[in-house]
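Okay, here's what each chain looks like letter by letter:
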Amino acid sequence: MRGVFSVGVLDVFLEHAFHPFDLALGVSAGACNLASHLGGQRGRNYRAYFDLMTRRDFIDPLRGFRGGSIVDLDWLWDELAERDPLNVSGVVGGSTEFVVVATSAASGEPVYLRPAEHDMFDVLKGSCALPMLYRPTIVVRDEPLVDGGVADPIPVEEAYRRGARRIVVVRSRPAAFFKKPGFESRAMPFLFRKRAALVRAMQTSPAKYRRSVEFMLAPPPDCTIVQIAPPEPLATKRTSRDKDALGRDYALGRRLGLDAMNRWNDFIRT
């Protein structure tokens, strides 16, 4: 749900026709937000967060105790397909290369996928399938996938490896935030004892996060990074359904999105 911050950023980008990007990499909710953005569908992400994702049909902690998923991605995907379909052909056929980051449940390694029209929704769902919140494993191109944030939470180094030298990074955490081992890391060995590689990936995720942040704070000499991050922790938490908190964080994303466009243009002029 913290992805509502990037919804504000991307809505401002669309409103100002700000799109100087050849490559777009998205992780988890960020990948879904990017898909709507690349499809030119301003407002689709907003409607998803405020009209659908705040419902108990989507987030229900009690459902986890009954053997289901706390976060029901299947319900959300079906509702969006009926109410607000994604412009898949616009995403796939656009001028920007779209790469979705997921994690292989078999190897624990990051998987970088360019979605096609026939598997767009499975790729996006796989990138969002956080093991603690969504029980099924999504299989795409014979690869079992879970949330991309496990193996590559901030794929800025991957963007650099692919040739990007002017990079905008949208985060839902403050710029100086470093991920620390938490309940997930401690619970993984018990909950996923048959998936040793995935357990290792979850346990090393904080270190990967730190490496990405350090890369952004001290990028290579030939690389410029504009980071869009909230100055303080967002009011919205991972499974929040509070529309007031969502509204504040959406508005913050809009303000910082405008600021980022100005910073980007300053870099281009120098």
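Structure first, text after, so check above.
Residues numbered from 1 in each chain as written. Predicted model: local features only at pLDDT ≥ 70, side-chain atom pairs only at ≥ 80, totals over all residues. Heavy atoms only, no water.

Visitor: Looking at this structure, I do not really get the pattern of salt bridges. What am I missing?
Guide: Side-chain pairs of opposite charge can arise where the charged atoms are in close proximity. Scanning the model with the defined rule gives 16 salt bridges in all. Here Asp-119 and Arg-141 are joined by a salt bridge, their closest N and O atoms 2.8 Å apart. Placement of the pair is Asp-119 in the loop between β3 (110-113) and α7 (120-128) and Arg-141 in the loop between β4 (138-140) and β5 (143-147), with a sequence separation of 22 residues. Owing to a relative accessible area of 5%, Asp-119 belongs among the buried residues under this scheme. Relative accessible area serves as the criterion here: at 46%, Arg-141 is assigned to the partly exposed category. Ionic pairing is found between Glu-157 and Arg-211, a salt bridge with its closest N-O pair at 3.1 Å. (Salt bridge = Lys/Arg side-chain N within 4 Å of Asp/Glu carboxyl O. Helix = DSSP H or I, 4+ residues; strand = E, 2+ residues; numbered from the N terminus. Buried < 20%, exposed > 50% of the residue type's maximum accessible area, 1.4 Å probe, protein only.)

Visitor: When you look at the pairing of strand β1 (residues 23-27) in this model, what are you seeing that I'm missing?
Guide: On a regular strand, one side chain projects to one face of the sheet and the next to the other, so that they alternate. Most of β1 is tucked away, with 4 of its 5 residues classed as buried. As judged from the 5 bridges shared by β1 and strand β2 (residues 97-104), these two strands associate in the parallel manner. Considered in β2, the bridge of Val-27 is made with Val-101. (Pairing = 2+ DSSP bridges.)

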